[in-house]
Amino acid sequence: MAVIVRAGAAPLWWPGLLAAAVGAFVPGLTGRRIGLLAGAALFLVTLTVVAFTRTGRYAELAKGATRAGRGDFLQDRDVTVRNRRRGYRWWVAGAFLVAVASAYVLPGAGGFTMAGAGAGLWLKAVRIGQRERRDDVLYWVRTDWVERGRPAGRRVKVYRTTGPVAGDAAPGGARRRRR
C-alpha cells in the first residue's frame, strides 16, 4: 500500500526541481527573489498539505486490517510502481510544462510546488512505513479495489496484512534489500 503512495514521489520531485532550476534563470514579472521566496513558501505548504491529507482514513483502514487470504491477489512492487507511473505520466508532463511556463510570472514557484507534492508523498510513505514497523506487518490493498491509484479510495474497504518479510517491498514502500 505504501508502494502506491511512494511511487508518485520521484516523478514529481525531480521534474519539480528541474522546473524550479529553470525558473531561477528566468527573470519573470515579479523578479527572481520574490518568485523563489514564494516558491519556497509554496513548497512548505504543499508538502504539509500532501503529507497530512487523508491520514485519518489511512489509520482507520490500517486499524481494521485483516490477514491476506489465499484468494487475495497482491501485486509485486515493481509492477505497482510501473502501473502507477504510467497512469500519471501525462499529468506529470503537463504539470512540468505548466511549472516551467509559470516561471515567466513567478520564477521557481511552480517547480517548487511540484517538488513539494513529491516530498509530501515521500513523507506520507515514510509515516506509513513507521506504522508498518510498529505493527510488524506490511499493509496491502487488493488490486481490484484500487481505483486510479488511490490506496485509501472509496472502493477500499479494508487493508490486507502480511508478515514484514513477505513480498519485495520494505516497510514504507522502499525496495527490499537482498543479502
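Draft legend 1. Molecular detail of a nonpolar patch on the surface. Taken together, the side chains of Leu 29, Tyr 104 and Val 105 make up a nonpolar region of the molecular surface, amounting to roughly 370 Å² of accessible area. Within the secondary structure, Val 105 sits in the loop between helix H5 (77-101) and helix H6 (109-135). Under the relative-accessibility criterion, Val 105 is labelled partly exposed at 47%.

Draft legend 2. Inspection of the pattern of salt bridges at higher detail. Applying the stated criterion across every chain, the model contains three salt bridges. With a shortest N-O distance of 3.7 Å, Arg 57 and Glu 60 are connected by a salt bridge. One end of the pair is Arg 57 and the other is Glu 60, both in helix H4 (residues 55-63) and three residues apart, which spans about a single turn. With relative accessibility at 21%, the residue Arg 57 sits in the partly exposed group. For Glu 60, a relative accessible area of 51% gives the class exposed. As a salt-bridge pair, Arg 134 and Asp 135 come within 3.5 Å of each other at their nearest N and O atoms. Assessed through its relative accessible area of 31%, Asp 135 is described here as partly exposed.

Draft legend 3. The arrangement of the sheet that holds strand S3 (residues 160-162) in detail. Spatially, three strands are ordered S1-S3-S2 in an open sheet, and the strand pairing comes out mixed. Where the open sheet ends on each side, the last strands, each with one partner, are strand S1 (66-67) and strand S2 (138-140). In this structure, S1 lies alongside S3, joined through two bridges in parallel fashion. Considered in S3, the bridge of Thr 66 is made with Arg 160.

Rules used throughout
- Residues numbered from 1 in each chain as written.
- Predicted model: local features only at pLDDT ≥ 70, side-chain atom pairs only at ≥ 80, totals over all residues.
- Heavy atoms only, no water.
- Patch = residues over 30% accessible without salt bridge, like charges linked within 9 Å, V, L, I, M, F, W, Y side chains within 5 Å.
- Areas by Shrake-Rupley, 256 points an atom, 1.4 Å probe, with all protein chains shown as cover.
- Salt bridge = Lys/Arg side-chain N within 4 Å of Asp/Glu carboxyl O.
- Helix = DSSP H or I, 4+ residues; strand = E, 2+ residues; numbered from the N terminus.
- Buried < 20%, exposed > 50% of the residue type's maximum accessible area, 1.4 Å probe, protein only.
- Pairing = 2+ DSSP bridges.

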